[in-house]
Amino acid sequence: MADPSSYRPRPGEIPDSPGVYRFRDEHRRVIYVGKAKSLRQRLANYFQDLANLHPRTRTMVTTAASVEWTVVSTEVEALQLEYSWIKEYDPRFNVKYRDDKSYPYLAVTMNEEFPRVQVMRGHKKKGVRYFGPYGHAWAIRDTVDLLLRVFPVRTCSAGVFKNAARTGRPCLLGYIGKCSAPCVERISAEDHRELAEEFCDFMAGRTGTYLRRLERKMGEAAEDMEYERAARLRDDIGALRKAMEKSAVVLADATDADLIAVAEDELEAAVQIFHVRGGRVRGQRGWVTDKVEEISTGALVEHALQQLYGEETGDAVPKEVLVPALPDPVEPVQEWLTDRRGSGVSLRIPQRGDKKALMETVQRNAQQALVLHKTKRASDLTTRSRALEEIADALDLDSAPLRIECYDISHLQGDDVVASMVVFEDGLARKSEYRRFQIKGFRGQDDVRSMHEVITRRFRRYLAEKERTGEWADGEDSGEGSPRADGRPGTDPGATPGSLAAPRAEADSGHQPVPGHTATSGHDAAPSQEAASGHEAASGQEAAPGRQAVPGHEAADDLALTDGPALKDEDGRPKRFAYPPQLVVVDGGQPQVAAAQRALDDLGIDDIAVCGLAKRLEEVWLPREDDPVVLPRTSEGLYLLQRVRDEAHRFAITYQRTKRAKRFRSSPLDDVPGLGETRKQALIKHFGSVKKLRSATIDQICEVPGIGRKTAETVAVALARSAPATPAVNTATGEIMDDEDGAPETTEDAPGEPVSAGTPDERRGQER
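Just so you know, the residues in each chain are numbered from 1, in the order the chain's sequence is written. The predicted origin of the model limits local features to residues at a pLDDT of at least 70 and limits the giving and counting of side-chain atom pairs to 80 or more, whereas totals for whole chains, interfaces and linings rest on all residues. Note that water and hydrogens are dropped before the side-chain values are worked out from all heavy atoms of the structure.

(A) Quick peek at the overall build of the protein chain. Only DSSP runs of H or I reaching four residues or more are called helices, and only runs of E reaching two or more are called strands; each is numbered from the N terminus. Tallying secondary structure elements over the protein chain gives 21 helices and 22 strands in all. Exposure classes here rest on a 1.4 Å probe applied to the protein chains alone. A residue is buried below 20% of its type maximum, exposed above 50%, and partly exposed in between. When the 768 residues of the protein chain are sorted by exposure, 46% land in the buried category. Contacts were defined at the residue level, with two residues in contact if any of their heavy atoms lie within 4.5 Å. Across the protein chain, the fraction of contacts at a sequence separation of at least 24, relative to all contacts at a separation of at least 6, is 66%. For the accessible areas, the method is Shrake-Rupley and the probe is 1.4 Å, while residue cover comes only from the protein chains on display. Summing over all exposed atoms, the protein chain offers an accessible surface of approximately 38800 Å²; the carbon and sulfur share of this is 49%.

Right, here's the structure in full:
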């Protein structure tokens, strides 16, 4: 626990200007981001007597090891920069609204030649019209099914569309009148786009025009005694009215507004948002957050507005935003919303009438959401705490393992050997910390050796990061036998573990900050020159094409950690391997556990516990123990270890299957620089196979449209290099297999004899 006075800026260093500040911990992680109209006044509040601080604020300032700030010109710029930093650094002490699910939207892909109506989640794409969000995907499908009677817009995927165009036959919806079938040219692209625009207009709330037009057509058909057509129009009107009933009118004046309500207690807050368009509720969503800082309702509203509209522009930001409390000050937030929309936005508290009544409804939803969340979380916290305590007791740990890392090896009969690392913090999966590895030190099947390599690589990275940040004292001995950052014994008696640490910035009391300039304070301040390169060498990532690992030698990307650009990341972003676990779990029994412990011993790490969970009997193995620890079948601790192990297995086998599929689909043409997918297909279509292309002359290759002489020469050279030395032989029949017979060619990436894939059950049995 740090003393805030140890990194408190000197008097006169902090400017009396608007700006954004960030606190960093001893690992250089950004743990809190805030903005202020006056940096001097705001930061002074953090360095008062700890007894006067809010408990959560006290925890933050004692966790921090340095503070730095950036001066900006206006409060609006401070608001924008604060939002960007919170999104970039994900600070642990900032308010972050947790979306309890990914809300689906009804999307119309107006950026395509033939717009498509579909359900979409996740990030919004440019050129796509979105309506919602909806509580459930089935609600969208029900609405679309009703509207397709009147607006028969395309809903099929690109593959179905192309297949229908190729065969000249539309899908089922085209036959029953719920698609205008542009795939078979029943409607032109212009008319179909106009139909999609009418669909969007109706979803946007402009419903009266279409209803009146259909009613007029129905009357005309009845007068002309076209009763069947009139009946169809009557059913269409009924479908539209039924779709409209799904979103009742709540505001009579066709208002476009978002209503935000907040329900909070001392520890948590729930936010509910109703999206009203054309006077109707078109969508609803909710968030929950931990109040990790002392914060008012107005500040919670401000954070909600940042998350809600930070990525939105134009009409996605409504003309009116109704809130329970206004941010302080409100002018910068209102100006920021106006900039996002491109026109004026009213941010206010409803005082009377329908809007106040609707706000009370939103408030009740927020209260119910908070009660439901606390009920669920109380159960989850109790269960997770009990599981961690049971693991600590069973493994004789000093404290509960708040961070658990699990490793698994996966391969198919020794090919495409990979490993996975999954991370659980506080009993929950932290997927942003997951990593995957390729086994590079050797070829073949050896789970024990693979586990030793993976653990070595992962914790070598940890030691390098620890050394870089100066966590080892400069006077610490690193002579013969002490571990270096790369895990090898030190050989230079004069070297110190801190020799690779980044230089520290010295505060200049006479320096005057300028707008946009970042100042730092604290014993762990950032280097004067931040890293410009983001190319961190990652042993956990897939190796670049063409990089060959040498058996018996460590991968180059691991060794590069000692002096390459990987050590220059000083911006506070989460590092790949910077934080150690309290417990390492390996998928396997005694041999795998022994290999993992041996790897840690070789690196000189003795403060991380290791265990293994063996399949079938679900026994927990410990290093240097002849007998396993057997947890009760009803144990929450065993259940947590099983979940961690199963998640590591899932992550590893998914990566292994991806690599295998990529290798099976590989072609010698993939390695030709500058040759894209279109020209590769043109070459194969022209020559019929890679074998015939390999035997073609440069002049013959130049005959393919789009292939120049320089490209043809490159293709010829690449194919000559990748030519197999001997033909592939089917070991079962003795038959020579080549691409003429339809068998896949053997390339350098897939050497050896072809092996039958077998049945799906057999393949699953061969996978590890």
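(B) Focus on the pattern of salt bridges. The rule for a salt bridge is simple: a side-chain nitrogen of Lys or Arg has to be within 4 Å of a carboxyl oxygen of Asp or Glu. The tally for this structure, following the rule as stated, stands at 25 salt bridges. R234 serves as the salt-bridge partner of D235, at 3.3 Å between the closest nitrogen and oxygen. With a relative accessible area of 36%, D235 lands in the partly exposed category. Here R645 and D646 are joined by a salt bridge, their closest N and O atoms 2.8 Å apart. Classification of D646 by relative accessible area gives partly exposed; the value is 42%. In the salt-bridge network here, residues are joined through shared partners; they are R403, E405, E425, R430, E433 and R458.

(C) The arrangement of the nonpolar core in detail. Ranked by internal contacts, the top residues of the largest apolar core, which has 27 residues, are Y407, I455, F459, V584 and I605. At the level of elements, β13 (403–412), β14 (415–425), α13 (447–468), β18 (583–587) and α15 (590–602) are the ones that each hand at least two residues to this core. Those residues in contact with Y407 that lie beyond four places of it in its chain are S420, M421, M451, V454, I455, R458, F459, V584, V585, V586 and D587. Grouping buried Ala, Val, Leu, Ile, Met, Phe, Trp, Tyr and Cys residues that are joined through side-chain atoms within 4.5 Å yields what is termed a nonpolar core.

(D) The arrangement of the packing of aromatic side chains in detail. Side-chain rings of Phe, Tyr and Trp (the six-membered ring for Trp) are treated as a pair once their centres are within 6.5 Å; stacked means planes under 30 degrees apart, edge-to-face means over 60, and tilted covers the remaining angles. Applying the stated criterion to the full structure yields 13 aromatic pairs. A ring pair is formed by Y7 and F23, whose centres lie 6.4 Å apart and whose planes are at 80°; its orientation type is edge-to-face. With Y7 in the segment before β1 (19–25) and F23 in strand β1, this residue pair connects regions lying 16 residues apart in the sequence. Taking relative accessible area as the criterion, Y7 reaches 0% and is therefore assigned buried. R22 extends its terminal NZ or CZ atom over the ring of W85, reaching a point 4.1 Å from the ring centre. Sitting over the face of the ring of F459, R458 holds its NZ or CZ atom 4.6 Å from the ring centroid. Any Lys NZ or Arg CZ found within 6 Å of a ring centre and within 35 degrees of that ring's normal is scored as a charge over the ring.

(E) Just a nonpolar patch on the surface, in detail. Note that patches include only residues with greater than 30% relative accessible area and no salt bridge, and the join distances are 9 Å for like charges and 5 Å for nonpolar side chains (Val, Leu, Ile, Met, Phe, Trp, Tyr). On the surface, a cluster of nonpolar side chains totalling about 360 Å² of accessible area is made up of L172, Y175 and I176. Following the sequence through the fold, Y175 ends up in helix α6 (residues 172–175).

(F) A look at helix α7 (residues 189–203). For α7, which comprises 15 residues, the first-to-last C-alpha distance of 21 Å matches the rise-based estimate of 21 Å (1.5 Å per residue) to within 8%. Those residues of α7 not exposed but buried are A189, H192, L195, A196, E198, F199, C200, F202 and M203. Under the convention used throughout, the expected extent of a helix is 1.5 Å for every residue step, that is, one less than its residue count.

(G) Region of interest: unusual backbone geometry. The peptide bond linking D328 to P329 adopts the cis configuration, its omega dihedral lying at -5°. Residue position: P329 is located in the loop between β11 (320–322) and α11 (331–341). One non-glycine residue, R28, adopts positive backbone phi at about 75°. Positionally, R28 belongs in the loop between β1 and β2 (30–36). You can call R28 buried: its relative accessible area is 4%. The phi angle at M225 is positive, at roughly 60°, despite the residue not being glycine.

(H) The arrangement of the environment of V271 in detail. Tracing the backbone shows V271 in strand β9 (residues 268–277). Residue V271 is classed as buried on the basis of its relative accessible area, which comes to 0%. Sequence separation between V271 and A304 is 33 residues, and the spatial gap between their C-alpha atoms is 7.6 Å.

(I) Region of the structure containing the pairing of strand β5 (residues 105–108). Taking every second residue as pointing to the same face, both faces of β5 are buried, with Y105 and A107 on one and L106 and V108 on the other. Of the strand pairs in this sheet, β5 and strand β6 (residues 117–120) are connected by four bridges, and their pairing is antiparallel. Residue pairing for β6: L106 is matched across the bridge by V119. As defined by bridge partners, β5 adjoins strand β7 (residues 129–131) across three bridges and the pair is classed as antiparallel. Among the inter-strand pairings, A107 is bridged to a residue of β7, identified as Y130. A pair of strands counts as paired when DSSP detects no fewer than two bridges linking them.

(J) Structural view of the pairing of β18. The buried fraction of β18 amounts to five of the five residues, a majority that puts the element mostly inside the structure. Both faces of β18 are covered, namely the face carrying L583, V585 and D587 and the face carrying V584 and V586. Where β13 and β18 come together, four bridges link them in parallel fashion. The residue of β18 that forms the bridge with Y407 is V586. You can see the chain leave β18, run along α15 and come back into strand β19 (residues 609–613), and the turn it takes is right-handed. Place the viewer so that the strands point away; then a crossover is right-handed whenever the path from the first strand over the helix to the second strand goes clockwise.

(K) A look at α15. Along its 13 residues, α15 runs 18 Å from first to last C-alpha, staying within 8% of the 18 Å computed at 1.5 Å per residue. When we look at burial in α15, the residues that qualify are Q592, V593, A595, A596, Q597, A599 and L600. Those residues of α15 that are buried lie in contact with α13, β18, β19 and β20 (620–621). Note on α15: the residue one or two positions beyond its end, G604, has a positive phi of about 80°.

(L) Spotlight on the state of the cysteines. Disulfides are defined as pairs of cysteine sulfur atoms found within 2.5 Å of each other. Using the criterion set out here, one finds zero disulfides in the structure. Its sulfur unpaired, C406 is 8.2 Å from the next cysteine sulfur, which belongs to C611.

(M) The arrangement of the packing of helix α3 (residues 75–89) against α11 in detail. In this analysis an axis means a line fitted to C-alpha atoms, helices contributing only their contacting stretch, and an angle means the value between N-to-C directions, from 0 to 180 degrees. Relative to each other, α3 and α11 sit at 70°, their axes nearing to 9 Å. With respect to α11, the axis of α3 lies roughly perpendicular. Between α3 and α11, the residues in contact are E75, V76, L79 and Q80 and P332, V333, E335, W336 and D339, respectively. Each residue is assigned to one class: nonpolar for Ala, Val, Leu, Ile, Met, Phe, Trp, Tyr, Cys and Pro, charged for Asp, Glu, Lys and Arg, and polar for all the others, Gly among them. Looking at the contact of α3 with α11 residue by residue, the class counts come to five nonpolar, one polar and three charged. Any angle from 65 to 115 degrees is called roughly perpendicular, while one under 35 is roughly parallel, one over 145 is roughly antiparallel, and all others are oblique.

(N) Spatial organisation of the sheet that holds β6. Reading across from one edge, β6-β5-β7 is the order of the three strands in this open sheet, with antiparallel pairing throughout. The sheet is open, and its two edges are formed by β6 and β7, each paired on a single side. Each strand axis lies, on average, 35° off the axis of its neighbour in the sheet, ignoring direction. α7 contacts β5, β6 and β7 of the sheet and is inclined by roughly 150° relative to β5.

(O) Region of the structure containing the environment of R56. Tracing the backbone shows R56 in helix α2 (residues 55–63). For the pair R56 and L267, spaced 211 residues apart in sequence, the C-alpha to C-alpha distance is 9.9 Å.

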